[in-house]
Amino acid sequence: MTKSYDVAVVGATGAVGEVMLSILAERDFPVGNVYPLASARSAGGTIRFKDRELVIQDLADFDFSQAQIGLFSAGGSISAEHAPRAAAAGCVVIDNTSHFRYDDDIPLVVPEVNPHAIAGYKTRGIIANPNCSTIQMLVALKPLHDAAGIERVNVATYQAVSGSGKPAIDELTQQTSRWLEGGELACEVYPKPIAFNCLPHIDDFQENGYTKEEMKMVWETVKILEDDSVLVNPTAVRVPVVFGHSEAVHIETREKLTAERARDLLRNAPGVTVMDEPVPGGYPTALTEAAGTDPVYVGRIREDISHPRGLDFWVVADNVRKGAALNSVQIAEFLIREHL
């Protein structure tokens with residue numbers, strides 16, 4: 001008989017929480033009891049899991065000793081308050097916020113890249129889930145780094161509005177409708193209209209002129225690859241796409257990688273699907289491939305004509321699935337298989 005695990009989902013009514021529940025069901029994760037947790041405002045409502053209706057409980061009152069695993073996706077301040085409380089009660093926390101990512105004694109994990117780091121959860125009972133844009137990039141970079149050693153990464157991201165939550169999806173929808181009707185565009189989530197536009201600004205600006213979203217990619221890449229010699233230069237852009245982040249990635253390696261060798265490495269890499277034909281439509285996009293699916297798709301693989309050891313490619317993935325919920329569940333799967 002397969003052992004089951006009781007799982008608490010913090011932020012169960014949010015965009016990522018809902019997908020966490022659906023992925024637990026889809027992947028037949030060995031769940032016993034599932035505890036959907038949210039704010040007092042949502043408590044008492046119900047949410048569907050498989051063929052059951054589960055009652056949403058108030059996070060503030062929940063006894064985490066009832067669960068062995070906690071999947072957190074309700075914002076950094078919520079995790080700061082409740083993740084240590086859950087860990088102290090014996091519930092291993094997999095946290096989807098940025099709050100714990102840069103703590104040296106908290107593992108930051110992409111299962112296809114550094115699953116060995118999960119063992120470090122024993123120090124504080126918490127495992128951090130990386131930023132969505134970092135996750136998909138590193139799934140693609142890992143086999144190339146292992147083969148040829150990456151010296152430098154230049155990346156421009158094209159990130160979906162779902163990364164900002166449900167209010168951003170609503171804003172894009174409303175602005176699109178208003179624009180088509182010739183009306184004024186109201187901006188609440190973003191400082192400028194996102195409909196029919198691109199905003200080179202995600203998260204707060206830092207003293208060095210980069211945004212925090214961009215610096216997350218710098219900090220997290222070094223930590224996850226366990227290699228502080230890898231240089232990362234990102235530009236993060238919000239685009240009018242609902243689900244699926246896209247990235248134009250340009251790398252410089254210590255040893256030359258041909259495009260054909262890179263394709264072979266990526267075809268055999270876990271979590272990667274290569275879609276790379278130099279014909280119209282022979283590449284993956286957020287809408288047609290990534291949205292609603294699990295792989296990290298890679299296309300437009302080519303040798304950089306401006307650098308003797310340069311390689312360029314295009315990476316897309318569903319930011320709510322692989323960029324958040326799926327990665328968390330994969331960590332949980334590895335955790336129960338190897339450690340609990």
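In short, a report on the structure. (Residues numbered from 1 in each chain as written. Predicted model: local features only at pLDDT ≥ 70, side-chain atom pairs only at ≥ 80, totals over all residues. Heavy atoms only, no water.)

Let's shift gears to the sheet that holds strand S5 (residues 57-58). The pairing of strands in a sheet happens through backbone hydrogen bonds and is either parallel or antiparallel. The strand order S5-S2-S1-S6-S7-S8 describes an open sheet built from six strands, whose pairing is parallel. Since the sheet does not close on itself, it has two edges, and those belong to S5 and strand S8 (126-128), each with one partner. Of the strand pairs in this sheet, strand S6 (residues 69-72) and strand S7 (residues 92-95) are connected by four bridges, and their pairing is parallel. Each bridged residue has a counterpart across the sheet, and for Gly70 the counterpart in S7 is Val93. Seen against the sheet, helix H1 (residues 15-26) touches strand S1 (5-10), strand S2 (31-38) and S6 and runs at an angle of roughly 160 degrees to S1. (Pairing = 2+ DSSP bridges. Helix = DSSP H or I, 4+ residues; strand = E, 2+ residues; numbered from the N terminus. Contact = heavy atoms within 4.5 Å. Axes fitted to C-alpha atoms, helices over the stretch in contact; angles between N-to-C directions.)

For the rest of this paragraph, the subject is a nonpolar patch on the surface. A cluster of nonpolar residues, Trp179, Leu180 and Phe196, forms a patch on the protein surface that exposes about 370 Å² of accessible area. Tracing the backbone through its elements, the reader meets Phe196 in the loop between helix H4 (166-181) and helix H5 (212-225). (Patch = residues over 30% accessible without salt bridge, like charges linked within 9 Å, V, L, I, M, F, W, Y side chains within 5 Å. Areas by Shrake-Rupley, 256 points an atom, 1.4 Å probe, with all protein chains shown as cover. Salt bridge = Lys/Arg side-chain N within 4 Å of Asp/Glu carboxyl O.)

This part is about the side chain of Thr253. Structurally, the position occupied by Thr253 is in strand S11 (residues 245-253). For Thr253, the side chain forms a polar contact with the main-chain oxygen of Glu255, separated by 2.6 Å. Not counting residues up to four positions away in its chain, the partners in contact with Thr253 are Ala148, Gly149, Ile150, Glu151 and Arg309. (Polar contact = N/O pair within 3.5 Å; in protein donor to acceptor, adjacent residues only side chain to side chain.)

Quick look at the layout of surface pockets now. Gaps between atoms show up when a probe of the same size as a water molecule is rolled over them. Approximately 970 Å³ is the volume attributed to the largest pocket. In terms of lining residues, the largest pocket is bounded by 43 residues, among which Val16, Ser73, Gly75, Asn96 and Gly163 are the most central. Of all elements in the fold, only H1, helix H2 (76-88), H5 and helix H8 (321-338) reach the threshold of two or more residues within the lining of the largest pocket. At four residues, H2 tops the list of elements feeding residues into the lining of the largest pocket. Among the residues making up the lining of the largest pocket, the classes are represented as 13 nonpolar, 21 polar and nine charged. (1 Å grid on protein atoms, 1.4 Å probe; cavity = no way out; pocket = protein on both sides within 12 Å on 5 of 7 lines; lining within 4 Å. Points joined across faces, edges and corners; volume = space filled by probe spheres on them. Nonpolar A, V, L, I, M, F, W, Y, C, P; charged D, E, K, R; others polar.)

For H1, which comprises 12 residues, the first-to-last C-alpha distance of 17 Å matches the rise-based estimate of 16 Å (1.5 Å per residue) to within 8%. Those residues of H1 not exposed but buried are Val16, Gly17, Val19, Met20, Leu21, Ile23, Leu24 and Ala25. Looking at the buried side of H1, the elements it contacts are S1, S2, strand S3 (46-49), S6 and H8. Immediately downstream of H1, the backbone of Asp28 shows phi near 50 degrees, a positive value. (Expected span 1.5 Å × (residues − 1). Buried < 20%, exposed > 50% of the residue type's maximum accessible area, 1.4 Å probe, protein only.)

Ordered in space as S10-S9-S11-S14-S13-S12, the six strands form an open sheet in which the pairing is mixed. Strands with a single pairing partner mark the edges of an open sheet, and in this sheet they are strand S10 (231-238) and strand S12 (272-274). Averaged over all neighbouring strand pairs, the angle between strand axes comes to 20 degrees, with direction disregarded. Packed onto the sheet, H5 meets strand S9 (150-159), S10 and S11 and runs at close to 145 degrees relative to S10.

Moving on: the pairing of S7. With burial as the criterion, each face of S7 is covered, one bearing Val92 and Ile94 and the other bearing Val93 and Asp95. As a crossover connection, the stretch from S6 through H2 into S7 is right-handed. Of the strand pairs in this sheet, S7 and S8 are connected by three bridges, and their pairing is parallel. Pairing of Asp95 across the sheet is with Ala128, part of S8. (Right-handed = clockwise from strand over helix to strand, strands pointing away.)

A few words on the pattern of salt bridges. Here the structure, examined in full by the defined rule, presents 21 salt bridges. When the shortest N-O distance is used, the salt bridge between Glu112 and Lys322 registers 2.9 Å. Pair noted here: Glu112 is in the loop between S7 and S8 and Lys322 is in helix H8, with a separation of 210 residues, a long-range link. A single network of salt bridges, built from pairs that share partners, joins Glu260, Arg263, Asp264, Arg267 and Asp276.

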